[in-house]
Amino acid sequence: MGWTLVEGATELPADHGVMAVSISGERVAVFRVQDEYFATGNVCTHQFALLNDGFVEDGCVECPLHQGRFDIRTGKAMGSPVTEDIPTYATKVEDGQLYVDLDRQAELADTQSVALEDKPSADLEKSDGRRFVILGGGQAAACAARGLRDANFTGEIVLIADELELPYERPPLSKDVLLGTASTQEATVLDRQAVETLKIDLRCGLSAVQLNTGTRTITLSDQSTVEYDSVLIATGARPRPLPIPGADLPQVHELRTGEDAISLKRALKRGGQVAIIGGGFIGMEVASAARKLGCEVTLLEAEGRLCARALHPRAARYLHEIAEASGVEVRTGTRVSAIEPHGSVVQLNLADSEPLLADTVVVGIGVVPNCELAEAAGITIRNGILVDRFGRTSANNVFAAGDVATWPGSNNAQLRLESWHNAQEQALSAAKTMAGIETAYDTVPWFWSDQFGHNIQMLGLPTPSDEFYVQPASQDGGEVIYLHDGERLSGVVAFDNTAAIRKARIWVSQRLEVSTLLGFLKTASDSAGDTRVSPENRRKLMNNPAQYYVWPEKGLRRIPDWVYTDPAIYQLEVDKIFHGSTWNYVGLEAEIPEAGDFIRSNVGPTPVVVSRDEDGEINVFLNRCSHRAAEFCRELRGNNKEFVCPYHQWTYDLKGNLSGIPFRRGVGGKGGLPSNFIASDHSPQKLAVTTRGGVIFASFDLNMEPLEDYLGPRITEEFDATFNGRKLKVLGYYRNTLPGNWKLYHENLKDPYHATLLHTFLVSFGLLVAGNEAEMICDETGRHGVMASAKSDAGKVSEEDSKEMRAYNAELKLKAPEMLDFEDEFDSRWSVTMMTLWPNLIVQREMNTLGVRQIVPNGPNEFVMNWTMFGFEGDTDEQQRHRLRQGNLMGPAGFLGMEDNEAMKFVQDGMKHSLAGEHLIEMDPNTEAGTADTLISEAAIRAMYKYWRKELGIG
Amino acid sequence: MLKENEANQGEAGIAEDTLLRTIEKFNVEYCLALDEGRLYDWANFFTQDCRYIILSRENFDAGLPVGLVYCEGRPMLEDRATAILETSMFAPRYLRHFVTNTFVHYKEGDEIHSGSNYLLTQVLMDKPNATMHQIGRYVDRFVHEEGVLKLKERQCIYDNLLLENSLVYPV
C-alpha cells in the first residue's frame, strides 16, 4: 500500500500531540513527541475505545476507558488491564509532511523488543531445574504465568486448567459475548502462541484433587501426580448455588464460564421475559445485555438495595436509577422461594408478591471460592485461602491469588475481592515473589463495570457508612462520588468519568486528607445531591431509603447536607410528612367567616381550596379539576356559591363535590360521558379537617388522631395561651420566598442559641438576653417546639451575661421605644413564644405582634413563607396600631425576620456552593434530645431529627 | 385626573407644572439618598408626624393595614435607619430606584395628594443580574414645612406579592 500522507500531523503540538486518522478504513493514531512521529492502531485492545481520546505521557498513551497503557513506540501493552499490544506503523517526514505506511511496523531505534509478541526469554533453554505449578485457567493463572517469565524465572511452568479452553478472562462474558459482539475466543488471555513462546506446560481439562504440602505433590483428576517447588492456587470461585426447588430447571442459567455465556446468549436471543435473581454486578450486566437484546427484564434482589456488598449506597442508588431508566423492573427486598415448570416457561414463586413467569432465569447471587483443595491440605481458610501481601498461604511454597484468596487489605480487614484487577495484580505479585522478587500486592483496588451504556469505576475500599462528597456531572464526565471516613479519602466511584478516576488513583493510594481533597476539588461544584433522579423513578427507588442514605456515625450530633439538598429526600418528605399523618395549617377561620367564603392554600406543596359551606362547615380539597387537572381556583380569596373550572366548566360545590359536567349526556343523543359514569366518584380528593382556637388544619390522612393528641399536652397548653378564645381579626399578609430548605425554618426556631448572637436588635434593647428566663420546649415526639422567653429589663443585664452577648450595646437607644412595649394580654409566664407545629406552621407571639406563618415547600432548596398577621376582634384602634408598629420586628423586612431569612439563605448557599459535608449540632450535650432549660442548646434540633429519621425510615 | 384644574391651562396650569416638577425633583433626591444608603437623610424627607408604610397591593386592596414596614412618626424612621446601619445582619447589596409617571392627584388645604410608579432593583454580590425587587406605586401626601416639601405620608404599594427573601432598605 505504501506511504500515505497524513495532513496536519506536523501541526500537532510538539509536546504529546495526538490525532486520529483513517487510512484505508484502519483507525490510526498519530503521535508527535518533539520532532518524532509515531503511528499506532487507534483502538484499545481491551475494549472498544479510541486512544486519541486518552492521555499521552512518558512515551505511552493511556486508554480513556480503563486506563490501559501502550508504549507508542513499540505498541506494547504496559499491563493492567491491557495484555494485547496495538499495532505500530512506520512513519517518515518528507517536505515537512508526515507519511504513514500501514504495511510496515514502526522501525525502532533500539530493536530489542518486538512489539506484537511476548518476549521469549533468552535463557529459557537453560532451565534452572525448578518446577512451579499454577492451578487454574483464568485471569490470575494466565497473569501469573506471564509474571513468572517477566521475573526471569527459567524453570518449568505447569498450568493445570480444569476447562478445555485456553485460559480466558471473564469480563467480556457478561457483556460483549452475550451481545454477540465478541466471541469467547476473544476473551482468551493466553493463546497457543503465547503458551509456546513462554514455554508453558499447559494441561487443560484437568483439576487438582489433592495437595500434599509435605511431599510437595499434587494429585490430578486423572490420578497422575505432579511434584512442585512452588504452587500457586488460582482456582477462582464458582457460582453460589440457589438453594431453592427448581434451581436445576433447564431455563435457569448461571454465568461463570464461557460455556455458560454461550448457552445464556442463545436463551436471551430468543427474547421474552427474563428474570434475574441477584442484583450484583453480574446480574446488572446481564440485565443490560438482555435489555439490549430486546428482552423484558425483571431483576429480583433479596437485599434492600442493589450491589449491597460491593457498592456504597449512594452509588448503588445511581445504578438502580439507570437500570430503571433502561426499562428494567428492579425489585429489591424480594426473595424467590421456588421455581416451577409452567408450560414452556417457568414460574418464580416470590415470598411477598404474586408469582412471576419467565422464559429465562439467570442466577447471579455471588460466588463461593474454590478452596476445598487447600482446606483439605490444612491451609488456613478465612472465607477464602488466607494469604499475606505477597500471596503466601500458611503452607510453605504454596501461594494463592485471585477470587480464591483472602487478602489482609489495609488495616487487616481480610478481604476477598472478586475483581479482574485483583486477579491480575495479586497474581502478578505472587508470581514475582515465587520467582524470588518479593513484591507486595498493595495497589489501590479498582473495579469497573459497563452496563446500560454507562461505565462505572470504583477505586479503593469504601464502607457503607463512609461520608461522601458528590461532584455532579460536568463536561468532563458523569457524577463522581468521593467517599471518606471523616478524615481521609477511602474511595472514589465515578460514572462515565475516567478522567476523574485517573486523577483520584494517587489520592486514594495516599489516603488523602479530606481538607486537601477539598482543595483539589475547589472548582465550584454544586454538591447538593443528585438532581438527576427522575421523578418517576423516585418512588420505586425510595421504597427503602435506609438502604441508600446512611446517617453519619456520630448520630444525632451530625446532620448531613443531603437532608437539605437532595431532591429524592424532598420527594420522600412530601409523601411521608406533608401527605402523611400530619396536621397541616391551611388558614384561619377569620379568613372565611361566611358561607361561600374561600381561600387558596397549600398542604406541603400541594394546592388546596379551603371553603366554608352552607352548613357552616369547613372543607379542604385539592385545587385540581378532576377532568384535566387544572388548578381551577385562581383567586387568593373570595366568596362564591360554587367553583367552576374555567377550562370546560366542570363545577364543584362548596364541599368539593363534583356537581356539574357540561354536555354530560352529549348533544342530540351523541357524545357525552358513558351512561355509567358516576360524578360522585370523581370529586377532587378531600382532606380531613380540624380546627382549634380559630386555626384550621387539614390532613391527607383521614384517620388522623385529634389535634390535641397530635400536639401533646405541653404544646397544646402554649397553643391555647395564644389562641385563648378571643375572635381573631386578620390584619394582613406578608409573602416571601426563602432560598433555603424548609426544615431550616423549624430549626431556626428550635435554636435559641442563635437569638442572642444573630439578632443584635433583640439584645440591644433587652428583649432577649442570655440570662432571660427562657425555655426551649419540645413535645414527646420531638416534632413540635416552643421557644419561650420572658422579657426583662435591659438595665438588669449583668456584666457577666453581657460579655457573653456579642451584640449587647448599652449605648443604643430607640427614639420611639413604645414600639417595644408589652401589654400583658395573655395568661402565660412568657412574653414571647415562637411555636413550631410540625410540619408547616409557625405561631408567632412576639409580645403583642401576632401571626401565623405557613411553610409551602418548593423543592429542597426553596420554600414560600405566607405570614398572616392578626389581632383580636374588639382591639382598640391604639391596640391595633401597637401591633402594627411592633410588627416591624417580624416579616421579611422586620428587624428580626429579615435577619433570619438572610441567615437561612447563607446556610443553603454554603451547602449549594461548597463541597458537601455535615452540620455540627453539639450544643448542650447534657440533653440528648428534647426540652432544654438553657438558651445555649441544640437539643430541640436533635429531637426533631430523631423524629424525622424515624418518619422517613432513615437509620 | 386633576380634580381642581381639569382645564389645566393658564396660570393654574403653570403652577401645576411647577408643583409636578418640584415633586419629581423631590423624588430624585429621595431616591438618591436611598440609593446611596444615606438613611438618616432619607428620614429627613418626612414630617415629624409622618406615616411611612410599605404594603402589598393584596393588603391595600383588601383594606388590610399590615405593612412590611409600618412607621408612625419620624422617630420610627430614624430607629429603622439606626437598626439597618448599626445592628442588622444581611448580605451586601445594591438597590436602585426608578420613579416615573408622577402626577398630582388633588390638593386638600395644605396637603398635596400625589402618586408615582416605582421600580426597585436589587443586585446581590453573588449573581450577575439585577432582580426586580419591587414594582409598585407611591401614594403620597405632601406638605410644605418652612417652604420645603416634606412627606406627611408615603405608602409604597407593591404589586409583586411574593417578596424575594428579604427587604433590607426602605423603598
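Residues numbered from 1 in each chain as written. Chains lettered and ligands numbered in written order. Predicted model: local features only at pLDDT ≥ 70, side-chain atom pairs only at ≥ 80, totals over all residues. Heavy atoms only, no water.

### Structural notes on the overall build of chain B
Reasoning step 1: Looking only at helices and strands, chain B has four helices and seven strands in total.
Reasoning step 2: When its helices and strands are written in sequence order, chain B yields α-α-β-α-β-α-β-β-β-β-β.
Reasoning step 3: Here the C-alpha radius of gyration of chain B, 17 Å, is about what a compact globule of 171 residues would show, namely 16 Å.
Reasoning step 4: Principal-axis analysis of the C-alpha atoms places the extent of chain B at approximately 55 × 30 × 30 Å.
Reasoning step 5: For chain B, buried positions account for 52% of its 171 residues.
Reasoning step 6: If you sum the accessible surface of chain B, you get close to 8000 Å²; carbon and sulfur atoms cover 52% of it. (Helix = DSSP H or I, 4+ residues; strand = E, 2+ residues; numbered from the N terminus. Rg over C-alpha atoms; globule rule 2.2 N^0.38 Å. Buried < 20%, exposed > 50% of the residue type's maximum accessible area, 1.4 Å probe, protein only. Areas by Shrake-Rupley, 256 points an atom, 1.4 Å probe, with all protein chains shown as cover.)

### Details of the packing of aromatic side chains
Reasoning step 1: Counted under the stated rule, the structure contains 38 aromatic pairs over all chains.
Reasoning step 2: Between A:Tyr745 and A:Phe863, the ring centres sit 5.9 Å apart and the planes meet at 90°, which makes this aromatic pair edge-to-face. Residue A:Tyr745 is located in helix α16 (residues 742–748), and its partner A:Phe863 is located in strand β52 (residues 863–872); the two are separated by 118 residues in the primary sequence.
Reasoning step 3: Relative accessible area serves as the criterion here: at 0%, A:Tyr745 is assigned to the buried category.
Reasoning step 4: The rings of B:Phe26, B:Tyr30, B:Trp42, B:Phe45, B:Phe46, B:Tyr52, B:Tyr118, B:Tyr138 and B:Phe142 are connected pair by pair, giving a single aromatic cluster.
Reasoning step 5: Looking at A:Arg726, its charged tip hangs above the ring of A:Phe872, at a distance of 3.7 Å from the centre. (Phe/Tyr/Trp six-rings, centres within 6.5 Å; stacked < 30°, edge-to-face > 60°. Lys NZ or Arg CZ within 6 Å of the ring centre and 35° of its normal.)

### Details of the interface of chain B and chain A
Reasoning step 1: Residue-level contacts link 34 residues of chain B with 39 residues of chain A.
Reasoning step 2: Summed over both sides, the interface of chain B with chain A buries roughly 3300 Å², with 60% coming from carbon and sulfur.
Reasoning step 3: Where chain B meets chain A, there are seven salt bridges.
Reasoning step 4: Among the ionic pairs, A:Lys815 bridges to B:Glu78, the shortest N-O distance being 3.1 Å.
Reasoning step 5: For the pair chain B and chain A, the interface holds 23 residue pairs in polar contact (both at pLDDT 80 or more).
Reasoning step 6: For the side of chain B that touches chain A, the secondary-structure elements that each account for two or more residues are α3 (57–61), β2 (69–72), α4 (74–87) and β7 (162–164) of chain B.
Reasoning step 7: Ranked by residue count, the leading element in the side of chain B that touches chain A is α4(B), at eight residues. (Contact = heavy atoms within 4.5 Å. Buried area = accessible area lost by both parts, 1.4 Å probe. Salt bridge = Lys/Arg side-chain N within 4 Å of Asp/Glu carboxyl O. Polar contact = N/O pair within 3.5 Å; in protein donor to acceptor, adjacent residues only side chain to side chain.)

### Considering the nonpolar core
Reasoning step 1: Judged by nonpolar contacts, the single largest core of 180 residues is most densely connected at A:Tyr745, A:Phe761, A:Trp948, B:Tyr30 and B:Tyr52.
Reasoning step 2: It is helix α22 (residues 939–952) of chain A that contributes the most residues to this core, nine residues altogether.
Reasoning step 3: Setting aside residues no more than four positions away along its own chain, B:Tyr30 makes contact with B:Trp42, B:Phe45, B:Phe46, B:Tyr52, B:Tyr138, B:Leu151, B:Arg154 and B:Val171. (Core = buried A, V, L, I, M, F, W, Y, C linked by side-chain atoms within 4.5 Å.)

### Let's talk about the domain arrangement of chain A
Reasoning step 1: The domain architecture assigned to chain A consists of domain 1 (3–101), domain 2 (131–238 + 370–434), domain 3 (241–365), domain 4 (453–550), domain 5 (585–695) and domain 6 (705–812 + 828–950).
Reasoning step 2: Look at where the C-alpha atoms of domain 2 of chain A and domain 4 of chain A centre, and you get two points 34 Å apart. (Domains from an automatic or database assignment.)

### Here's the deal with the pairing of strand β20 (residues 296–301) of chain A
Residue and element names in this part refer to chain A.
Reasoning step 1: Within β20, five of the six residues are buried, which leaves the element mostly enclosed by the surrounding structure.
Reasoning step 2: Here five bridges tie strand β19 (residues 273–277) to β20, and the two strands are oriented parallel to one another. The partner of Ala275 across the bridge, within β20, is Thr298.
Reasoning step 3: Of the crossover connections in this fold, the one passing from β19 over helix α5 (residues 281–292) to the parallel β20 is right-handed.
Reasoning step 4: Pairing analysis gives four bridges linking β20 to strand β21 (residues 329–332), with the strands arranged parallel. Paired with Leu300 across the bridge in β21 is Arg331. (Pairing = 2+ DSSP bridges. Right-handed = clockwise from strand over helix to strand, strands pointing away.)

### Re the sheet that holds strand β5 (residues 131–145) of chain B
Residue and element names in this part refer to chain B.
Reasoning step 1: Across the sheet, which stays open at both edges, the six strands sit in the order β2-β1-β6-β5-β4-β3 with mixed pairing between neighbours. A single partner strand is all that each edge strand has here, and the edge strands are β2 and β3 (93–108). Along the sheet, successive strands turn relative to each other by an average axial angle of 20°, direction set aside.
Reasoning step 2: Examined bridge by bridge, strand β1 (residues 46–56) and strand β6 (residues 148–158) share seven bridges and lie parallel to one another. (Axes fitted to C-alpha atoms, helices over the stretch in contact; angles between N-to-C directions.)

### Some remarks on the pattern of salt bridges
Reasoning step 1: Enumeration over the complete set of coordinates arrives at 64 salt bridges over all chains.
Reasoning step 2: Between A:Glu705 and A:Arg783 there is a salt bridge, and its shortest N-O distance comes to 3.8 Å. Linking A:Glu705 in the loop between β45 (695–699) and α14 (707–711) with A:Arg783 in the loop between β47 (774–778) and β48 (785–789), this pair joins segments that are 78 residues apart in sequence.
Reasoning step 3: Judged by relative accessible area, which is 33%, A:Glu705 ranks as partly exposed.
Reasoning step 4: Relative accessible area serves as the criterion here: at 7%, A:Arg783 is assigned to the buried category.
Reasoning step 5: As a salt-bridge pair, A:Asp877 and A:Arg881 come within 3.7 Å of each other at their nearest N and O atoms. Here A:Arg881 and A:Asp877 lie together in helix α20 (residues 877–886), a separation of four residues that amounts to about one turn.
Reasoning step 6: By relative accessible area, A:Arg881 is classed as partly exposed at 30%.
Reasoning step 7: Several salt bridges converge on common partners, so that one network encompasses A:Asp877, A:Glu878, A:Arg881, A:Arg885 and B:Glu72.

### Looking at the pairing of β6(B)
Residue and element names in this part refer to chain B.
Reasoning step 1: The element β6 is largely enclosed, with a buried count of nine among its 11 residues.
Reasoning step 2: Inspection of the sheet shows β5 paired to β6 by 10 bridges, in the antiparallel sense. Among the inter-strand pairings, Arg141 is bridged to a residue of β6, identified as Glu153.
Reasoning step 3: From the end of β5 to the start of β6, which pair antiparallel, there are two residues, and Glu146 there has a positive phi angle of about 50°.

### Some points on helix α1 (residues 139–150) of chain A
Given 3.6 residues per turn, any residue in an α-helix points the same way as the ones three and four places further on.
Residue and element names in this part refer to chain A.
Reasoning step 1: Compared with the 16 Å implied by 1.5 Å per residue over 12 residues, the 16 Å span of α1 between its first and last C-alpha is a close match.
Reasoning step 2: Counting buried positions along α1 yields 11 of 12 residues, so the element is predominantly enclosed.
Reasoning step 3: Of all the residues in α1, the buried ones are Gln139, Ala140, Ala141, Ala142, Cys143, Ala144, Ala145, Arg146, Gly147, Leu148 and Arg149.
Reasoning step 4: On its buried side, α1 packs onto β10 (131–135), β11 (156–161), α3 (192–197), β12 (200–204), β16 (230–233) and α8 (420–434). (Expected span 1.5 Å × (residues − 1).)

### Observations regarding helix α9 (residues 498–509) of chain A
Residues and elements named next belong to chain A.
Reasoning step 1: The first and last C-alpha atoms of α9 sit 17 Å apart over 12 residues, in line with the 16 Å expected at 1.5 Å per residue.
Reasoning step 2: Turning to α9, its buried residues are Thr498, Ala500, Ile501, Ala504, Trp507 and Val508. One side of α9 holds all its buried residues, which, seen down the axis, span an arc of 155°.
Reasoning step 3: Check the buried side of α9 and you find it contacts β30 (446–451), β31 (454–460), β33 (480–484), β34 (489–495) and α10 (514–520).
Reasoning step 4: Arg511 occupies a position one or two residues after α9 and carries a positive phi of about 45°. (Arc of directions from axis to C-beta.)

### Here's the deal with the confidence of the model for chain B
Reasoning step 1: Of all residues in chain B, 94% attain a pLDDT of 70 or more, and the chain-wide mean is 92.
Reasoning step 2: Across chain B, the secondary-structure element scoring lowest on mean pLDDT is helix α1 (residues 10–35) of chain B, at 90, and the one scoring highest is β1(B), at 98. (pLDDT = per-residue confidence, 0-100.)

### Digging into the side chain of A:Asp403
Residues and elements named next belong to chain A.
Reasoning step 1: Along the chain, the position of Asp403 falls in the loop between β28 (398–400) and β29 (405–406).
Reasoning step 2: Separated by 2.8 Å, the side chains of Asp403 and Arg256 make a polar contact.
Reasoning step 3: The residues touching Asp403, leaving out its near neighbours within four places in the chain, are Gly236, Ala237, Arg256, Pro369, Arg416, Leu417, Glu418 and Ser419.

### Section: unusual backbone geometry
Residues and elements named next belong to chain A.
Reasoning step 1: Note that the residue after Trp838, namely Pro839, is joined by a cis bond; omega there is 5°.
Reasoning step 2: Turning to its location among the elements, Pro839 is positioned in the loop between β49 (832–837) and β50 (841–846).
Reasoning step 3: Positioned with a positive phi, Asn383 is a non-glycine residue whose angle comes to about 70°.
Reasoning step 4: Following the sequence through the fold, Asn383 ends up in the loop between α7 (372–376) and β27 (385–386).
Reasoning step 5: The residue Met847 is not glycine, and still its phi comes out positive at about 55°.
Reasoning step 6: Relative accessible area serves as the criterion here: at 0%, Met847 is assigned to the buried category.

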